[in-house]
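Here are the chains, one letter per residue:
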Amino acid sequence: MRLQGNNYNSRCLAHLLCACSPFFVLASPLPAAAPAIYETLPPSRTGITFSHQSGLTERRRLPESIAPGVAIFDYNGDGLMDIYFVNSAGPGALYRNDGNLHFTNVTAAAGVPGRDFGLGVTTCDYNSDGAPDLFITSYGRNTLYRNNRNGTFTDVTREAGLELPGLWTAAVFFDFDNDGHPDLFLGHFVDYDPATEPACRYGDRYHYCHPLSFKPHPSKLYRNQGDGTFSDVSVSSGIAAHPGKVFGAVSTDVNKDGLLDLFVANDSVPNFLFINRGHGKFDEVGLDAGVAYSADGNPRSGMGVDATDFNGDGLIDLFVANFNRERFSLYRNLGALHFTDDAGPTGLGTATQMYSGWGARFFDFDLDGDDDLVLANSHPDDQIGKLSTTLTFREPLLLFRNEGAKFTLLGPEAGPAFTQNWPARGLAVGDLDNDGYPDIVIANTGEAPLILHHTGQGAGNWLGLDPGPAPVGAIVRWAIGDKVRTKLLHAGGSYLSAHDPRVILGLGPATQATWVEVQWPGGRKTRLTQPAARSYYKVVPPQ
Amino acid sequence: MIPLVVALLLFQPPPVDSAETLTRQGRQAMARNDFDAARTSFTQAVLKAPASPQARFLLGFFHYVDNDFVQAETTLRKARELAPQDPRTALFLALTLDGLARPAEAAAAFEVTLQLEAKAKRPNPETHIAYARMLFAEGRLPDAQQQVSRALTLNPRSREAHYEQARLRFEAGNFPAAIAEATQALPLPSEGTTDRQLHFLLSRAFGRLGNTAKADEHRRAFEAIPAGVVR
């Protein structure tokens, strides 16, 4: 390491003050660089040896380029977050968290290998028994695994009424009718039949066909009947009237009417914003709201999505990760169901212009109280590097700090994984070691996943809430002195993945919150007064 | 930007170097969308005449159109060294840097282009439009407005300039003015701005004013025109 100006001078000054020998000053190491925010945990540390099998063929069949997703959830109720990895051309893997960031593969014992060609995953307590269940989307048949509350699961797809083949991608459990039972939106990608799939080539090599080569396909909305079964309300709700090419979906309340809406990212056709009008009806308002197209009226290649109030104005904003050259979209909510794309002014546009985005999550990595952003990227076509010197298949992870009006891209201080390129798809955020610092799991296509552990570097104080497995639609408010912040707990988001359902509130330097309030769907409230930082609190709705 | 590209190709000065045949073949190949043949021809032309700014520009231009911005930058920078007063090369270098998501460098290159165009007494409204679109995408709306105003001064009948003016008015929340600009643009000849873009903007602007009948009318017109493939 080279001795540089300022360091050299300060060292000389220190030497004079402490009367050390000049030799000592020159030979002593420079101050160590600040530790990275995220360290990469190797398989030797975590015990996670899973590697995704994409089923890559010379023919380059469309489903091969889509997966996988990943879920962080506590399947056995021991207070430690476990991880489920979706596989495509092989069995998926459930890893039980043993503590101390070590995991054990319990797939066989738990009975959750998945079936057909796995793509995505979500979790939800669909039967309200207090234990999170597992839902895996597939090219083929989806699988609903009911948690038996004894470390095992049972495939209940058929009896639940969810056995339907297709090319299913995003699954979002949300209670659209506020009856206390989580309903299910099931996103479908293109109308796909391998027998009629066109052959797309560069010279003598096959490549994945553009989604425009395929027709759109309707998605599904299922109503949870509260008895372990679901009824198909796709037509009566209006969802089926809008065929799309769904990759990402998030349920949130964009118009603050207490009814959960749905924002759906489509590839090569307009995005959908389904507004929940109550009584089981949704209106699609994407064009009028300004979230369906680019500023020039072009549909983009929407993949990952998320929602948050990034600027603290009390309105939920929407995010879409798009294809390279399209720039990703940050739709700022103007109120009255109008949005404007703020990707340019916030710096996200330029920072994402060269990448194709999948996993996306707003979360508060520095625990200062506002939501930052992490993005997992990779070109869909593994052969793109042979055709272009500008684009590569593997692309960098991006970590942005929310600075109010700007999102600032972090450099190497984010961690070594953020200086390398990855074939990333799914992304989930969760606290794997219960230290309050949010960790990240990246699901790579055709490769081993990445486990990124937050070292605590540069982060403020925190306070955790554990509202149980189905808090969607709840509103969390917390105050530090006079400053009140709000977070709406939404469902879905990212890409084919599910996050730790607990909520981590950033407190900055404060050692306690003045108060914390959870407003549950339906209006009941739970309030904590002066809860101390650095602890998780179990919160339940008042009886 | 495509009409500008076509115009540039049509109004090339006659090739004078030994790569004449190859560059002509390359242009013909591009015209028939045979990019492999075009790449080969332009690459060979540069090999035959490495000091030819014309051959170098065409190869860089080809890489730009082929979305290979890394190659385009290298080639266009070399072409700029060979012909530092050529605004056309400077313009495509600016567009390439914009494509590489380096807006500060692109802005500097646009400024150089504008200076060269002024020096050559060949002011080009399309340069202002391209610059304005980049600034708009960056959220630098007042700067974008400056460029659009200059484009409108140079060509008051520019459909592109009126469209960009309409977009700026829309972003400013002045929906009646946005409608007026887009309506003015619709009958003007297109250099690249499509009817689809204008109907899209008009539908949104009428919608924001609560005029659902007009919003629906323009929405139907917008949806009746297929979108181009972006990838």
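See the structure printed just above.
Let us look at the structure shown here. (Residues numbered from 1 in each chain as written. Chains lettered and ligands numbered in written order. Predicted model: local features only at pLDDT ≥ 70, side-chain atom pairs only at ≥ 80, totals over all residues. Heavy atoms only, no water.)

Some thoughts on the overall build of chain B
Then, number 1: Within chain B, the regular secondary structure consists of 13 helices and 0 strands.
Then, number 2: Going residue by residue from the N terminus, the α and β elements of chain B occur as α-α-α-α-α-α-α-α-α-α-α-α-α.
Then, number 3: Relative to a compact globule of 231 residues, whose C-alpha radius of gyration would be 17 Å, chain B shows 19 Å and is just as compact.
Then, number 4: Counting only C-alpha atoms and orienting by the principal axes, one finds that chain B spans roughly 60 × 35 × 30 Å.
Then, number 5: Of all 231 residues assigned to chain B, the portion counted as buried reaches 52%.
Then, number 6: Across chain B, the fraction of contacts at a sequence separation of at least 24, relative to all contacts at a separation of at least 6, is 51%.
Then, number 7: Of note, chain B has its 28 positive side-chain charges centred 1 Å away from the centre of its 25 negative side-chain charges. (Helix = DSSP H or I, 4+ residues; strand = E, 2+ residues; numbered from the N terminus. Rg over C-alpha atoms; globule rule 2.2 N^0.38 Å. Buried < 20%, exposed > 50% of the residue type's maximum accessible area, 1.4 Å probe, protein only. Contact = heavy atoms within 4.5 Å. Lys, Arg positive; Asp, Glu negative; His and termini not counted. Charge placed at Lys NZ, Arg CZ, Asp CG, Glu CD.)

Quick look at the packing of aromatic side chains
Residues and elements named next belong to chain A.
Then, number 1: This structure, assessed with the given rule, holds 38 aromatic pairs over all chains.
Then, number 2: Judged by centre distance (5.2 Å) and plane angle (15 degrees), the rings of Phe 50 and Phe 85 are stacked. Taken together, the positions of Phe 50 in the loop between α3 (43-46) and β2 (70-73) and Phe 85 in strand β3 (residues 82-85) put the pair 35 residues apart, joining distant regions of the chain.
Then, number 3: Accessibility expressed as a relative area gives 9% for Phe 50, which makes it buried.
Then, number 4: A centroid spacing of 5.7 Å and a plane angle of 45 degrees characterise the contact between Phe 310 and Phe 407, whose relative ring orientation is tilted. Of this pair, Phe 310 sits in the loop between β20 (305-308) and β21 (317-320) while Phe 407 is found in strand β28 (residues 407-409), placing the two residues 97 residues apart along the sequence.
Then, number 5: Members of the aromatic cluster, each reached through a chain of ring pairs, are Phe 310, Phe 319, Phe 328, Phe 362 and Phe 407. (Phe/Tyr/Trp six-rings, centres within 6.5 Å; stacked < 30°, edge-to-face > 60°.)

Looking at the interface of chain A and chain B
Then, number 1: If you look at the interface, chain A gives 33 residues, while chain B gives 32 residues.
Then, number 2: Interface of chain A and chain B: buried area, both sides summed, is about 2,700 Å²; carbon and sulfur atoms make up 48% of it.
Then, number 3: Three residues stand out in chain A for area buried against chain B, namely Leu 287, Asp 296 and Arg 325 of chain A, and they jointly supply 23% of the buried area on that side.
Then, number 4: Across the contact surface, chain A and chain B share 3 salt bridges. (Buried area = accessible area lost by both parts, 1.4 Å probe. Salt bridge = Lys/Arg side-chain N within 4 Å of Asp/Glu carboxyl O.)

What about the state of the cysteines?
All names here are of chain A.
Then, number 1: Under the counting rule described, the total for this entry stands at 1 disulfide over all chains.
Then, number 2: Between the sulfur of Cys 200 and that of Cys 209 lies a disulfide, 2.0 Å long from S to S. Disulfide Cys 200-Cys 209: the torsion about the S-S bond is 110 degrees, which places it as right-handed. With respect to burial, Cys 200 and Cys 209 carry one shared label: buried. (Disulfide = S-S within 2.5 Å.)

A few points about the packing of helix α12 (residues 195-208) of chain B against helix α13 (residues 212-224) of chain B
Residue and element names in this part refer to chain B.
Then, number 1: Two elements in contact, α12 and α13, have axes whose closest approach is 8 Å; the angle formed by their N-to-C orientations is 160 degrees. In terms of orientation, α12 lies roughly antiparallel with respect to α13. For the crossing formed where α12 meets α13, the hand is left-handed. Residue-level inspection shows Arg 196, His 199, Phe 200, Leu 202, Ser 203, Phe 206 and Gly 207 of α12 in contact with α13, the latter providing Lys 214, Ala 215, His 218, Arg 219, Ala 221 and Phe 222.
Then, number 2: The residue makeup of the contact of α12 with α13, split by class, is 6 nonpolar, 4 polar and 3 charged. (Axes fitted to C-alpha atoms, helices over the stretch in contact; angles between N-to-C directions. Parallel < 35°, antiparallel > 145°, perpendicular 65-115°, else oblique. Left-handed = near helix turned anticlockwise from the far one by under 90°. Nonpolar A, V, L, I, M, F, W, Y, C, P; charged D, E, K, R; others polar.)

Looking at the pattern of salt bridges
Then, number 1: Counting across every chain of the model gives 39 salt bridges over all chains.
Then, number 2: Between Glu 81 of chain B and Lys 78 of chain B there is a salt bridge; the shortest N-O distance is 3.7 Å. Here Glu 81 of chain B pairs with Lys 78 of chain B, and both are found in helix α5 (residues 69-82), just 3 residues apart, close to one helical turn.
Then, number 3: Taking relative accessible area as the criterion, Lys 78 of chain B reaches 34% and is therefore assigned partly exposed.
Then, number 4: The structure contains a network of salt bridges with shared partners spanning Arg 115, Asp 116, Arg 141, Arg 158 and Glu 163 of chain A.

So, empty space enclosed by the protein
Residue and element names in this part refer to chain A.
Then, number 1: Counted by the stated rule, this structure contains 1 cavity of 30 Å³ or more.
Then, number 2: If you go around the largest cavity, you meet 13 residues; those closest to its centre are Ala 170, Ala 171, Gly 493, Leu 496 and Ser 497.
Then, number 3: Residue assignment for the lining of the largest cavity shows that the elements contributing at least two residues are β6 (117-124), β10 (166-174) and β16 (246-252).
Then, number 4: Classifying every residue of the lining of the largest cavity by side-chain character gives 7 nonpolar, 6 polar and no charged. (1 Å grid on protein atoms, 1.4 Å probe; cavity = no way out; pocket = protein on both sides within 12 Å on 5 of 7 lines; lining within 4 Å. Points joined across faces, edges and corners; volume = space filled by probe spheres on them.)

Details of the pairing of β10 of chain A
Residues and elements named next belong to chain A.
Then, number 1: The buried fraction of β10 is high, at 9 of 9 residues.
Then, number 2: Both strand β7 (residues 133-140) and β10 contribute to a ladder of 2 bridges, which runs antiparallel. Bridge pairing in β10 places Gly 140 opposite Gly 166.
Then, number 3: Inspection of the sheet shows β10 paired to strand β11 (residues 183-188) by 5 bridges, in the antiparallel sense. (Pairing = 2+ DSSP bridges.)

Re the sheet that holds strand β27 (residues 398-402) of chain A
Residue and element names in this part refer to chain A.
Then, number 1: A sheet is described by the order of its strands in space; here 4 strands give the open sequence β24-β25-β27-β28, paired in antiparallel fashion. With partners counted over all chains shown, the strands left at the sheet margins are β24 (357-363) and β28, one partner each. Each strand of the sheet is rotated relative to its neighbour by a mean of 25 degrees, with strand direction disregarded.
Then, number 2: The pairing of β24 with strand β25 (residues 372-377) spans 5 bridges and is classified as antiparallel.

Digging into the nonpolar core
Then, number 1: By size, the foremost hydrophobic cluster in this structure holds 47 residues, and its most contacted members are Phe 42, Phe 57, Phe 92, Leu 95, Phe 110, Tyr 131 and Met 134 of chain B.
Then, number 2: By size, the runner-up hydrophobic cluster in this structure holds 20 residues, among which are Phe 365, Leu 397, Leu 399 and Leu 427 of chain A. (Core = buried A, V, L, I, M, F, W, Y, C linked by side-chain atoms within 4.5 Å.)

Observations regarding the pairing of strand β18 (residues 272-278) of chain A
Residue and element names in this part refer to chain A.
Then, number 1: Across the 7 residues that make up β18, a large majority, 6, are buried.
Then, number 2: Here strand β17 (residues 261-266) pairs with β18 via 3 bridges, running antiparallel. Across the sheet, Phe 263 pairs through a bridge with Leu 273, a residue of β18.
Then, number 3: Where β17 folds back onto β18 in an antiparallel hairpin, the turn is made up of 5 residues, including Ser 268, whose phi is positive at roughly 75 degrees.
Then, number 4: Here β18 folds back onto strand β19 (residues 281-284) in antiparallel fashion, the turn holding 2 residues, of which His 279 has a positive phi close to 55 degrees.

Read these as geometric descriptors, not functional statements.
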